[in-house]
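# Results of the structural survey
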Amino acid sequence: PSEGPLSGRRVVVTAGGTREPLDPVRYLGNRSSGKQGLALAEAALAAGAQVHLIAGVMDVPAPAAQDRLTVETVETAEELHAAVESAAAAADLLLMAAAVADFRPADYAEAKIKKTDDGTDPVIHLQRNPDILATTVRRRAERGTGPTVIVGFAAETGDAENDPLDLAQAKLLRKGCELLVLNRVGRNLVFGQDDTEIHILASFGVQGLLGDADPVHVVGTKQEAAQAVVDRAAQ
Ligand code: C5P
């Protein structure tokens, strides 16, 4: 048996981005590299957990399965949703680091979409994807079973009116998870980089249990950030 704060615990980690097909050659994607999710899986393994990694599209190769690690690859948000749903039931901790597309093309074209002869611009209709995180929190409440700790991630740029921490606080409430990891993002910040800056916010109930209300702030490598998230979740 492994040793560590998560020994004997089952951890599900989602990593990378989703890819939403438009036609056989095109898709809508995002800039998620998968590095943070991979670092989380590694930190959970090092903490002694049994880890199931659900890997979307990543810049870094998905690791091979090993002792205490199983890996499943998915492409679309719907595939990710199905994978999370079946893995979450038996999990103690869900780390939802994947960048899930909020929208998918409403219609998949079976044949490659062609340029029109009359020069008109094509229109892509988008349809909302399910919010996997919020759904998992809701299912847990309905069934009375599911991960004890669910951790959401938020990539916020902030703007003139909104402090990213306030946006993250609102998201934590909206999603209903125990912890929310805020990533301040920008075009050349965080995505694909090795370093990051995060704040780990706890829900009101968890703040009471932990006895401290201040978000944990980490500036460092994605490995260091992952370690802080796993430590906080283990607490
Ligand atoms: O609402 P927003 O996309 O910023 O929330 C980010 C968090 O919600 C992440 O943990 C992400 O994995 C999760 N999410 C999800 N399903 C979606 C969109 C986001 O689970 N459709």
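About the cut-offs
Residues numbered from 1 in each chain as written. Predicted model: local features only at pLDDT ≥ 70, side-chain atom pairs only at ≥ 80, totals over all residues. Heavy atoms only, no water. Helix = DSSP H or I, 4+ residues; strand = E, 2+ residues; numbered from the N terminus. Expected span 1.5 Å × (residues − 1). Buried < 20%, exposed > 50% of the residue type's maximum accessible area, 1.4 Å probe, protein only. Near = heavy atom within 4 Å. Polar contact = N/O pair within 3.5 Å; in protein donor to acceptor, adjacent residues only side chain to side chain. Nonpolar A, V, L, I, M, F, W, Y, C, P; charged D, E, K, R; others polar. UniProt positions renumbered as here; feature names shortened; annotations may be inferred. 1 Å grid on protein atoms, 1.4 Å probe; cavity = no way out; pocket = protein on both sides within 12 Å on 5 of 7 lines; lining within 4 Å. Contact = heavy atoms within 4.5 Å. Points joined across faces, edges and corners; volume = space filled by probe spheres on them. Pairing = 2+ DSSP bridges.

### Notes on helix H6 (residues 222–234)
Taking 1.5 Å per residue, 13 residues should reach 18 Å; H6 reaches 18 Å between its end C-alpha atoms and fits that length. Considered for burial, the residues of H6 that qualify are Lys222, Ala225, Ala226, Ala228, Val229, Val230, Arg232 and Ala233.

### Quick notes on the site of the ligand
All residues in the neighbourhood of the ligand are listed as Met96, Ala98, Val100, Asp102, Pro130, Asp131, Ile132, Leu133, Gly152, Phe153, Lys171 and Lys175. Met96 places a main-chain nitrogen or oxygen 2.7 Å from an oxygen atom of the ligand. In this structure, a nitrogen atom belonging to the ligand sits 2.8 Å away from a main-chain N or O atom of Pro130. Secondary-structure elements contributing two or more residues to the shell around the ligand are helix H3 (132–143), strand S9 (149–156) and helix H4 (164–175). Grouping the constituent residues of the shell around the ligand by class yields seven nonpolar, one polar and four charged.

### Overview of the UniProt feature "binding site: CTP" (unreviewed entry) in the protein chain
Those residues carrying the UniProt feature "binding site: CTP" (unreviewed entry) are Asp102, Lys112, Pro130, Asp131, Ile132, Leu133, Phe153, Lys171 and Lys175 in this numbering. Across 74 residues in sequence, these annotated residues place their C-alpha atoms as far as 37.7 Å from one another, rather than forming a single compact spot. Within this annotated set, the largest pocket is lined by Asp102, Pro130, Asp131, Ile132, Leu133, Phe153, Lys171 and Lys175. Mapping Asp102 onto the fold places it in the loop between strand S6 (93–96) and strand S7 (103–105). Residue Asp102 is classed as exposed on the basis of its relative accessible area of 54%. Contacts of Asp102, omitting those with residues within four sequence positions, involve Gln127, Arg128 and Asn129. Once you skip the residues sitting within four places of it in the chain, Leu133 turns out to touch Met96, Ile150, Val151, Gly152, Lys175 and Cys177.

### Remarks on the layout of surface pockets
Estimated volume of the largest pocket: approximately 1000 Å³. Taken together, 36 residues line the largest pocket, and the ones lying closest to its centre are Ala98, Ala99, Val100, Phe153 and Ala155. Secondary structure elements with two or more residues in the lining of the largest pocket: helix H1 (35–46), H3, S9 and H4. Among the residues making up the lining of the largest pocket, the classes are represented as 18 nonpolar, ten polar and eight charged. In this model, the second largest pocket occupies a volume close to 360 Å³. Of the residues assigned to the lining of the second largest pocket, the class counts are seven nonpolar, four polar and six charged.

### Observations concerning the pairing of strand S4 (residues 50–55)
Of all the six residues making up S4, five are buried; the element is thus mostly covered by neighbouring parts of the structure. Bridging between strand S1 (residues 10–15) and S4 involves six bridges; their strand directions are parallel. Bridge assignment links Val12 to a residue of S4, and that residue is His52. Relative to strand S5 (residues 69–73), S4 is paired through five bridges, and the arrangement is parallel. Within the sheet, the bridge partner assigned to Leu53 lies in S5 and is Val71.

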